[in-house]
Amino acid sequence: MGTTDSTGSKQPRPAEHVAIIMDGNGRWATQKGWPRLVGHRRGAERVKEIVRCAPDLGIRWLTVYAFSTENWKRSTEEVLGLMSIFARYIEREADRLAAEGVRMRFIGDRSRLDPKLQRLMKGIEERTEGFTRLNFTVAINYGGRDEILRATRAIAAKVAAGEIAPEEVTEAMISAHLDTGGIPDPDLVIRTSGETRTSNFLQWQTAYAEYEFTPTLWPDFTPEELASILARFGNRDRRFGGVASA
Ligand code: IPE
Ligand code: IPE
Ligand code: MG
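Residues numbered from 1 in each chain as written. Chains lettered and ligands numbered in written order. Predicted model: local features only at pLDDT ≥ 70, side-chain atom pairs only at ≥ 80, totals over all residues. Heavy atoms only, no water.

Novice: Give a description of the site of ligand 1 that names residues and reports values.
Specialist: Surveying the vicinity of ligand 1 reveals 13 residues, the closest of which are D23, G26, R27, R36 and R74. Separating an oxygen atom of ligand 1 from a side-chain N or O atom of R74 is a distance of 2.6 Å. Across the complex, the protein chains shield 87% of the 380 Å² of accessible surface that ligand 1 would expose by itself. When residues of the shell around ligand 1 are traced back to their parent elements, those giving at least two are α1 (25-31), α2 (36-53) and α3 (76-99). Looking at which element gives the most residues to the shell around ligand 1, the answer is α1, with 3 residues. Looking at the shell around ligand 1 residue by residue, the classes come out as 3 nonpolar, 5 polar and 5 charged. (Near = heavy atom within 4 Å. Polar contact = N/O pair within 3.5 Å; in protein donor to acceptor, adjacent residues only side chain to side chain. Areas by Shrake-Rupley, 256 points an atom, 1.4 Å probe, with all protein chains shown as cover. Helix = DSSP H or I, 4+ residues; strand = E, 2+ residues; numbered from the N terminus. Nonpolar A, V, L, I, M, F, W, Y, C, P; charged D, E, K, R; others polar.)

Next comes the structure, spelled out in structure tokens:
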């Protein structure tokens, strides 16, 4: 239950790295009789708000799932609409992210994305590289299994080239070869919209993450709800395979 300070009293432990599966945009729009893309646009507004409040809630790392390797199965209209929302987000938010000291980066396989979007992604990553107030990571064309597969191939190539021996492959080496290399593992994963599955998000990195599922649809998710989830998290006892803390 949190950490114990010098006076012996329990302090809630903050969730420094929060990862969010932003789900429910489509249902939110459909319930109102609107096209699904309206929900995605509203969802992007929510992301802005959560990025803005995160540092004040003690979050240093925020990772959001925006598009999975499986989301290509959706209609061309929805896929293209989402891609243009991502591009517009980067173009319109760049100055504010920089002004607020937010480092933005992306995980996932970019090779399948439109070259213009890839250039925008690279541009904002380079522009915000030196910032540390908040590390904001967006998963686009991301799949946990795909990421592990790509890392495995990279390591296998080094083994085949004789650079490393098979027995020299370590967990740390695998972590470093993932798209999230250099990013700490999430403490807490939140999924909105009531679904209680992980849908291929950060499979390796969440081995010891806590999960919170809320029925709220992503376009209705607020900083207040995030704050209350974080407060609950602070009181959880994360044992990491050991025994309960005193
Ligand atoms: C999450 O909302 C955003 C993406 C997967 C891109 P959905 O679009 O999955 O919304 P629902 O689950 O259909 O309501
Ligand atoms: C997970 O949501 C992916 C994102 C939030 C980007 P989905 O809506 O795609 O997941 P499933 O299909 O319900 O598992
Ligand atoms: Mg969904």
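Novice: Give me the site of ligand 2: which residues, what numbers.
Specialist: The local shell around ligand 2 consists of I21, M22, D23, Y65, A66, F67, N71, R74, R191, R197 and S199. Here an oxygen atom of ligand 2 sits 2.8 Å away from a polar atom, N or O, in the side chain of R197. Per-element accounting of the shell around ligand 2 gives the leading share, 3 residues, to strand β4 (residues 61-68). Of the residues in the shell around ligand 2, the class split is 5 nonpolar, 2 polar and 4 charged.

Novice: So, unusual backbone geometry: which residues are in play, and what are the values?
Specialist: The phi dihedral of N141 is positive, around 50°, even though this residue is not glycine. As for its position among the elements, N141 is in strand β6 (residues 134-142).

Novice: Requested: an account of the sheet that holds strand β5 (residues 102-107), with residues and values cited.
Specialist: Spatially, the 6 strands line up as an open sheet ordered β5-β6-β4-β3-β7-β8, and their pairing is parallel. Both edges of this open sheet fall to β5 and β8 (210-213), since each of them pairs with a single strand only. In this sheet, neighbouring strand axes are inclined to one another by 20° on average, regardless of whether the strands run parallel or antiparallel. In this structure, β5 lies alongside β6, joined through 6 bridges in parallel fashion. Residue pairing in the sheet places V102 in a bridge with L134 of β6. (Pairing = 2+ DSSP bridges. Axes fitted to C-alpha atoms, helices over the stretch in contact; angles between N-to-C directions.)

Novice: Talk me through helix α5 (residues 144-160); I want residue IDs and the actual numbers.
Specialist: Owing to its 3.6 residues per turn, the α-helix brings residues three or four apart onto one side. When the terminal C-alpha atoms of α5 are compared, their 24 Å separation across 17 residues agrees well with the 24 Å that a helix rising 1.5 Å per residue should span. Of all the residues in α5, the buried ones are G144, E147, A151 and I155. Buried residues of α5 fall within an arc of 70° about the axis and therefore sit on the same side. Within α5, the exposed residues directed more than 90 degrees away from the buried face are R145, R153 and A160. Where the residues of α5 are buried, they touch β6 and α6 (171-177). A positive phi of about 80° marks G162, the residue just after α5. (Expected span 1.5 Å × (residues − 1). Buried < 20%, exposed > 50% of the residue type's maximum accessible area, 1.4 Å probe, protein only. Arc of directions from axis to C-beta. Contact = heavy atoms within 4.5 Å.)

Novice: Could you give an account of the packing of aromatic side chains, with specific residues and numbers?
Specialist: Counted by the stated rule, this structure contains 9 aromatic pairs. When the centroid spacing of 4.4 Å and the interplanar angle of 10° are considered together, the rings of Y65 and F201 count as stacked. Of this pair, Y65 sits in strand β4 while F201 sits in the loop between β7 (188-191) and β8; the two residues are 136 residues apart in sequence, bridging distant segments of the chain. Here Y65 matches F201 in class, with each residue buried. Centroid distance F67 to F86: 6.4 Å. Interplanar angle 80°. Geometry classified as edge-to-face. In this pair, F67 is assigned in strand β4 and F86 in helix α3, connecting sequence segments 19 residues apart. A relative accessible area of 0% places F67 in the buried class. (Phe/Tyr/Trp six-rings, centres within 6.5 Å; stacked < 30°, edge-to-face > 60°.)

None of this, on its own, says anything about what the molecule does.
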